[in-house]
Amino acid sequence: MPHDPVVTEAVREAAHLEPQFRFADQEALAASRLAAYHATGKSPNVLVILFDDVGWGDFGCYGGGVAVGAPTPNIDRLARRGMLLTSCYSEPSCTPSRASMMTGRLPMRHGLLRPPMYGQKGGLDGEITFAQLLREAGYVTQAVGKWHMGENVESQPQHVGFDDFYGFLSVSDMYTEWRDPYFFPEIVYSEERTKWVENLPFNRCFVHAVKGGETENVEEVTIPVLSQLDQKWTDYSLDFIRRMAPGSGGAEAGRPWFLYHCTRGAHFDNYPHEDFLGRSPAKHPYKDTIIELDDIVGRLVRELEATGQLEDTLIFISSDNGPEMETWPDAAYSPFRCAKGSTWEGGQRVPGIVAWPGMIEADRATDGLFSQMDLFRTVLRLAGAEAATPTDRYIDGVDQTAFLLCPDGESTRKYLYYWLVNVFSALRVGEWKFMVASTSDDDRDCLNLGGFTGVTQKYTHGRLYNLYLDPKESHSYMIRKLAYIDSFTGGLRDHFMSFGAYPGKHPIAAMS
Ligand code: CA
């Protein structure tokens, strides 16, 4: 019988670590499987493929795919070769999510509460990334594609743990929206305003950088260049995978590696590559981009196979937040309420596929809680580098090794905490979500448009949603379920107290 997360106690193993479940049987099995793998002298490669603004419902394995005019056979096939997570969580928007995955810490701790735009200051500097810790453990670390964790020099990838970076430092729309007369005629048709944008303190090019060095411009991101970015970046990653293969003759060949491949797609505005333009049954730019992303996953996985590295590589595929519905109808299919920018499920519940053929059982679908922050401690453990976990700061990610490596593994995470920028919003345990604040309930704010619209409202009495019976969070159950109240308020108390001992920092504050 699986353990009930509502009634099972989580263990706090150290003051700076998020409490988690340690189920003796699965911990023992996972430890022995991992020890057997390490006994071969190898450490697993890690490939993270992170999409931008792609919704939970976009892929076939989540009920989208052919049903919504954009087949995703490669992603669906990979899901069948590993674990399909139905309760995988990001933060509500790009930068907070990316920084949380990279540091294992909530935005309220690392301080990147919202995305820096057009060269605004602030970023990752001062944080410890798992890329940095893997590199110190002997990994070759490569970042490709979208960064968006700070454009300032100290926060650039080559200064926070990556040996090499090839991509852009900010976010897709910033490079092109002001160039497109459809969206910004008042800038395109004004020389004065075009000059003004060009003088804003952001780099209009995508760049290349190597560890400790300065960025070098590769090419200005005009609209035609933007449409080719995902192909250029994929070629770069494919080359990296080939060079790292044992026996390839590359200088670093055979060393373990971490490839952080972040796509441009499918963030607005999508200008599909000519090979994909109009190729989706939906013939919509967003859907054309989804089939391109699926094709990219297929190419990366095939390269791992062709170079004999698939069975030595942990693959994690996800999105950095829920669908962007302010650009309706890009990602209009979702079983959840609201969208990117909110703490309703539509904002933070994202696709999550984990595969490692031979080590992670195939054909598993699980609703166990998984936060992208959990990658931090889990990957360090898989790499045999868990001793490098920082002790001078609070780590919100838990160790999910046993969840992944055991055929019937259960999630080791008890609570999922939702923060709406700097306002605590909700806590999930089991199928229950206890909510004390969120984006307004106005239909215009939560049924179609994203959570960046509307107002934040606090609920005097709190609300309780059953996510199995009511995934759209339409009906508070609180008055009929008061028996649970202590377990929610207890979880909240411990969470808030952790900020007393380990206060957060706020280099990028809430916009208010
Ligand atoms: Ca995003």
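Before going further, it helps to examine unusual backbone geometry. In this structure, the amide linkage connecting Phe268 to the following residue, Asp269, adopts the cis form with an omega of -5 degrees. Note on placement: Asp269 falls in the loop between strand E7 (257–262) and helix H10 (285–306). You will see that Asp53, though not glycine, has its phi angle at about 60 degrees, which is positive. Tracing the chain through its elements places Asp53 in the loop between strand E1 (45–51) and helix H2 (73–80). With a relative accessible area of 1%, Asp53 lands in the buried category. Here the phi dihedral of Lys283 falls at roughly 55 degrees; this positive angle occurs in a residue that is not glycine.

Under the domain assignment, the protein is made up of domain 1 (24–412) and domain 2 (419–501). Summing both partners gives a buried area of about 2600 Å² for domain 1 against domain 2, and 55% of it is carried by carbon and sulfur. Area buried by domain 1 at its contact with domain 2 is led by Arg337, Thr343 and Trp344, which between them contribute 27% of it. Where domain 1 touches domain 2, the interface holds 2 salt bridges. Residue Asp367 is joined to Arg428 by a salt bridge in which the shortest nitrogen-to-oxygen separation is 3.2 Å. For the pair domain 1 and domain 2, the interface holds 13 residue pairs in polar contact (both at pLDDT 80 or more). Breaking the side of domain 1 that touches domain 2 down by element, the ones donating at least two residues are strand E2 (83–89), helix H4 (107–110) and helix H11 (345–348). In terms of residue class, the side of domain 1 that touches domain 2 is made up of 14 nonpolar, 7 polar and 8 charged.

In this structure the tally under the stated criterion is 0 disulfides. Considering cysteine sulfurs only, Cys88 is the nearest to Cys61, which forms no disulfide, with 12 Å between them. You can see Cys262 has no disulfide; the closest cysteine sulfur is in Cys94, sitting 11 Å from it.

Across the sheet, which stays open at both edges, the 4 strands sit in the order E12-E13-E14-E15 with antiparallel pairing between neighbours. At either margin of the open sheet sits one strand with a lone partner, and together these are strand E12 (416–420) and strand E15 (456–466). Going from strand to strand, the sheet's axes swing by 20 degrees on average, the running direction of each strand aside. The strands touched by helix H15 (residues 485–501) are E12, strand E13 (423–429), strand E14 (432–439) and E15; relative to E13, the strand with the most contacts, the crossing angle is about 130 degrees.

In this section: the coordination of the calcium ion. In this structure, Asp52 (OD), Asp53 (OD), Cys94 (SG), Asp320 (OD), Asp320 (OD) and Asn321 (OD1) serve as the protein donors to the calcium ion, at separations of 2.2 to 2.6 Å. Angles of 53 to 159 degrees at the metal separate the 6 donor atoms of the calcium ion, which places the site in the irregular class. Sequence positions of the donors to the calcium ion reduce to the motif D-D-x40-C-x225-D-N. Remark: Asn321 occurs in the loop between strand E8 (313–319) and H11 and Asp52 occurs in the loop between E1 and H2; sequence separation between them is 269 residues. Neither Asp52 nor Asn321 differs from the other in exposure class; each is buried.

Definitions and limits used
- Residues numbered from 1 in each chain as written.
- Predicted model: local features only at pLDDT ≥ 70, side-chain atom pairs only at ≥ 80, totals over all residues.
- Heavy atoms only, no water.
- Helix = DSSP H or I, 4+ residues; strand = E, 2+ residues; numbered from the N terminus.
- Buried < 20%, exposed > 50% of the residue type's maximum accessible area, 1.4 Å probe, protein only.
- Domains from an automatic or database assignment.
- Buried area = accessible area lost by both parts, 1.4 Å probe.
- Salt bridge = Lys/Arg side-chain N within 4 Å of Asp/Glu carboxyl O.
- Polar contact = N/O pair within 3.5 Å; in protein donor to acceptor, adjacent residues only side chain to side chain.
- Nonpolar A, V, L, I, M, F, W, Y, C, P; charged D, E, K, R; others polar.
- Disulfide = S-S within 2.5 Å.
- Pairing = 2+ DSSP bridges.
- Axes fitted to C-alpha atoms, helices over the stretch in contact; angles between N-to-C directions.
- Contact = heavy atoms within 4.5 Å.
- Donors = N, O, S within 2.8 Å, 3.2 Å for Na, K, Ca; no water.
- Tetrahedral: all angles 85-135°; square planar, octahedral: opposite > 155°, others 65-115°.

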